[in-house]
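# Report on the structure
Here is how the chains run, residue by residue.
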Amino acid sequence: MTRTPPRVGLNFLPEGDFRAAALPLFEAGLVDALERDIDYAWGSHPRGERRDEPAWALEILDAYAADDALYGHGVWMSVMSGRWTSRQERWIAQLTDECRARRYRHVSEHFGWLSAGPFWRNTMLPAPYTPATVALGVDRLRRLADAVGCPVGLENLGMGLGPVDAQEQGAFLGEILDAVDGFLLLDVHNVWTQAHNARLDPLALLRTYPLARVRELHVSGGDWYEPAPGARPIRLDSHDGDVPGDVWPLVAEALACCPALEVVFLERRGQTLGREPDRAAYRADFLALRAAVEAAFDVGEERCA
Ligand SMILES: [Fe+2]
């Protein structure tokens, strides 16, 4: 069976260091698609303010939207918060307005939660896997689907509370996605991060996810945190570094085993591309990702049953 290769793109940052780093890739016509933080400008954080996006950024986004090659990624909905709040209601209204103003191929959010009443974190936190939290996730994903006119999905978490939490997440996500016919945004670095931190086999952990539901991959880097001098370092899903060598076998596995895959994004956090060596490494990662996609789709054989 011949499969269509996925598009290969970048998560878009309306910032000068991103523009300088990515410009050669755009000029070479190598960026098939863009993903943007769809709520970047909305001021959704309680201490956040609305942000203006520069004209050059809006021009690029509009051009990719016109080519049906723009993808939306939410950050601030807080899908698994227990109580539905007026803040989230406003977020949904802004999402509806944005999807009317600009065309998106699909919209995703993060699995997990970052707000509970007055409590806020900038890191997505996991929820326990129970019938009640599955029902909660289904309700939230339906609200997301009702707000947009395109497919909706959830991204697997980088953070886990322990081995069982990490190993259950695929089934947890699968139950929610099945109920709403949603897609999985599989962040491969998040899988590797969870595997390292919980001392699990990364490839085995990747295979616990509902791979038939994957429409999008994230490939990124991160950093290490040493909790005490000499202690085993903890991997962080911080999107501020190069793609580690150990992540590439997971990328190859995902490319081979996700039959509905449409798009693959190299993901990077803003304001981490200020130095030319970092920009060169970022471009090298993007070219390596393109090469991995080409290699996976040149093979011409099915690796996964
Ligand atoms: Fe991601």
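A short tour of the structure in this document, coming up. (Residues numbered from 1 in each chain as written. Predicted model: local features only at pLDDT ≥ 70, side-chain atom pairs only at ≥ 80, totals over all residues. Heavy atoms only, no water.)

## Section: empty space enclosed by the protein
Going through the model one piece at a time under the given rule, you end up with two cavities of 30 Å³ or more. If you add up the space inside the largest cavity, you get close to 60 Å³. Lining the largest cavity, in full, are Phe111, Pro126, Ala127, Pro128, Tyr129, Leu157, Asp165, Glu168, Gln169 and Phe172. Of the residues assigned to the lining of the largest cavity, the class counts are seven nonpolar, one polar and two charged. If you go around the second largest cavity, the residues you meet are Phe12, Leu13, Pro14, Arg36, Asp37, Tyr40, Glu53 and Leu61. Of the residues belonging to the lining of the second largest cavity, the class tally is five nonpolar, no polar and three charged. (1 Å grid on protein atoms, 1.4 Å probe; cavity = no way out; pocket = protein on both sides within 12 Å on 5 of 7 lines; lining within 4 Å. Points joined across faces, edges and corners; volume = space filled by probe spheres on them. Nonpolar A, V, L, I, M, F, W, Y, C, P; charged D, E, K, R; others polar.)

## Considerations on the coordination of the iron ion
Under ideal tetrahedral coordination, the four donors around a metal are separated by 109.5 degrees; under ideal octahedral coordination, the six donors are separated by 90 or 180 degrees. Protein coordination of the iron ion is provided by Glu155 (OE), Asp187 (OD), His218 (ND1) and Glu267 (OE), with donor distances spanning 2.0 to 2.3 Å. Considering all four donor atoms around the iron ion, angles at the metal cover 84 to 173 degrees and the coordination shape is irregular. In terms of primary sequence, the donors binding the iron ion are separated according to E-x31-D-x30-H-x48-E. Residue His218 is found in strand 9 (residues 214-220), and its partner Glu267 is found in strand 12 (residues 263-267); the two are separated by 49 residues along the sequence. (Donors = N, O, S within 2.8 Å, 3.2 Å for Na, K, Ca; no water. Tetrahedral: all angles 85-135°; square planar, octahedral: opposite > 155°, others 65-115°. Helix = DSSP H or I, 4+ residues; strand = E, 2+ residues; numbered from the N terminus.)

## Observations concerning the pattern of salt bridges
A side chain of one charge can pair with a side chain of the opposite charge when the charged atoms of the two come close. On inspection of all chains with the given rule, the structure shows 17 salt bridges. Note that Arg102 is salt-bridged to Glu98, the shortest N-O span being 2.9 Å. Glu98 shares its class with Arg102; the two are buried. A salt bridge links Asp178 to Arg213; its shortest N-O distance comes to 2.6 Å. A residue pair is termed long-range when its members are at least 10 positions apart, and Asp178 in helix 5 (residues 163-180) and Arg213 in the loop between helix 7 (202-206) and strand 9 qualify at 35 residues. Arg213 sits in the partly exposed class, given a relative accessible area of 22%. Look at the salt bridges and you will find they share partners, linking Arg36, Glu53, Asp62, Glu98 and Arg102 into a network. (Salt bridge = Lys/Arg side-chain N within 4 Å of Asp/Glu carboxyl O. Buried < 20%, exposed > 50% of the residue type's maximum accessible area, 1.4 Å probe, protein only.)

## What about a nonpolar patch on the surface?
Together, Tyr225, Ile234 and Leu236 make up an exposed nonpolar region whose accessible area comes to about 250 Å². Tracing the backbone shows Tyr225 in strand 10 (residues 223-225). (Patch = residues over 30% accessible without salt bridge, like charges linked within 9 Å, V, L, I, M, F, W, Y side chains within 5 Å. Areas by Shrake-Rupley, 256 points an atom, 1.4 Å probe, with all protein chains shown as cover.)

## Describing the sheet that holds strand 7 (residues 152-155)
Read around the barrel, eight strands follow the order 1-2-3-4-7-8-9-12 and close on themselves; strand pairing throughout is parallel. The average angle at which neighbouring strand axes cross in this sheet is 25 degrees, direction not considered. Of the strand pairs in this sheet, strand 3 (residues 70-73) and strand 4 (residues 107-110) are connected by two bridges, and their pairing is parallel. When the sheet's bridge partners are listed, Gly72 is paired in strand 4 with Val107. Relative to the sheet, helix 1 (residues 16-27) contacts strand 1 (7-12) and strand 2 (33-37), its axis offset from that of strand 1 by approximately 160 degrees. Each of strand 8 (183-187), strand 9 and strand 12 is contacted by helix 8 (residues 248-257), which is oriented at about 170 degrees to strand 9, the strand it contacts most. (Pairing = 2+ DSSP bridges. Axes fitted to C-alpha atoms, helices over the stretch in contact; angles between N-to-C directions. Contact = heavy atoms within 4.5 Å.)

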